Amino acid sequence: LAPKGRLIDSQGLVLPPRNDPRFWFMPIITGVKDAGELQIGAILDDELAQGALKLLELTSTESYGKFLDINLIQLDYSGQSLKVFLRERPPFREGACVILPASERQMKAALNRVTVIAKERLRGRQTTGFIDATYEVNIPTRP
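Engineer: Got a sec to walk through the sheet that holds strand S7 (residues 128-132)? Specific residues and values, please.
Structural biologist: Read from one edge to the other, the open sheet built from 6 strands follows the order S3-S4-S5-S6-S7-S8, with strand pairing classed as mixed. Strands at the two margins of the open sheet, each flanked by one partner only, are strand S3 (28-30) and strand S8 (141-142). Of the strand pairs in this sheet, strand S4 (residues 70-76) and strand S5 (residues 81-86) are connected by 6 bridges, and their pairing is antiparallel. Paired with Asp76 across the strands is Ser81, a residue of S5. Of the strands in this sheet, S3, S4, S5 and strand S6 (92-101) are in contact with helix H1 (residues 47-61), which crosses S4 at around 155 degrees. Its contacts with the sheet place helix H2 (residues 104-123) against S5, S6, S7 and S8, and it is angled at close to 150 degrees to S6.

And the structure:
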């Protein structure tokens, strides 16, 4: 969350720092407003950051996670969206970017669109490097 980073739980609670290698591969959320001012025990109530946490929850509990191995989530306040960068997992290549709306209702519909595209790309044995799922039709996709 900040230059030195912060650990947060699924509800947005700022946790004490830990120097444990298990945390090295956790998804990173960047671009949180006023992240440097967050104190241990504070609740991160930023709407886009909460959207990022919801995305992490959905990809860990729903079938969307089958395709999305999230490395980094960049908050885009101007577009009210999440730029999600992925680790390699077919059909996505390393560093692939998926843009999703930050609101939960729109996010679920966008994740369904991403799933359909991912299945089609797998079937066609095509890799994917970019999907802008904020669009509802004619979704921009690049190899």
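Engineer: Mind laying out the packing of aromatic side chains, listing which residues take part and the relevant values?
Structural biologist: The way to describe two aromatic rings as a pair is by their centre distance and the angle between their planes. Throughout the structure, instances matching the rule amount to 0 aromatic pairs. A cation over an aromatic ring shows up here: Lys33 above the ring of Tyr77, its NZ or CZ 4.3 Å from the ring centre. Positioned above the aromatic ring of Phe130, the side-chain terminus of Arg142 is 4.1 Å from the ring centre.

Engineer: Which residues make up the pattern of salt bridges, and what values go with them?
Structural biologist: Under the counting rule described, the total for this entry stands at 6 salt bridges. Taken together, the salt bridges that share partners define one network made up of Lys54, Glu57, Glu104 and Lys108.

Engineer: Account for H2, naming residues and giving values.
Structural biologist: Here H2 is 20 residues long and its end C-alpha atoms lie 28 Å apart, about the 28 Å a rise of 1.5 Å per residue gives. Among the residues making up H2, those that are buried are Met107, Ala110, Leu111, Arg113, Val114, Thr115, Ile117, Ala118 and Arg121. Next to the buried residues of H2 lie H1, S5, S6, S7 and S8. Two residues or fewer past H2, Arg125 is found with a positive phi of approximately 55 degrees.

Here is what the cut-offs are and how they apply
- Residues numbered from 1 in each chain as written.
- Predicted model: local features only at pLDDT ≥ 70, side-chain atom pairs only at ≥ 80, totals over all residues.
- Heavy atoms only, no water.
- Pairing = 2+ DSSP bridges.
- Helix = DSSP H or I, 4+ residues; strand = E, 2+ residues; numbered from the N terminus.
- Contact = heavy atoms within 4.5 Å.
- Axes fitted to C-alpha atoms, helices over the stretch in contact; angles between N-to-C directions.
- Phe/Tyr/Trp six-rings, centres within 6.5 Å; stacked < 30°, edge-to-face > 60°.
- Lys NZ or Arg CZ within 6 Å of the ring centre and 35° of its normal.
- Salt bridge = Lys/Arg side-chain N within 4 Å of Asp/Glu carboxyl O.
- Expected span 1.5 Å × (residues − 1).
- Buried < 20%, exposed > 50% of the residue type's maximum accessible area, 1.4 Å probe, protein only.

Nothing here speaks to function; it is all geometry.
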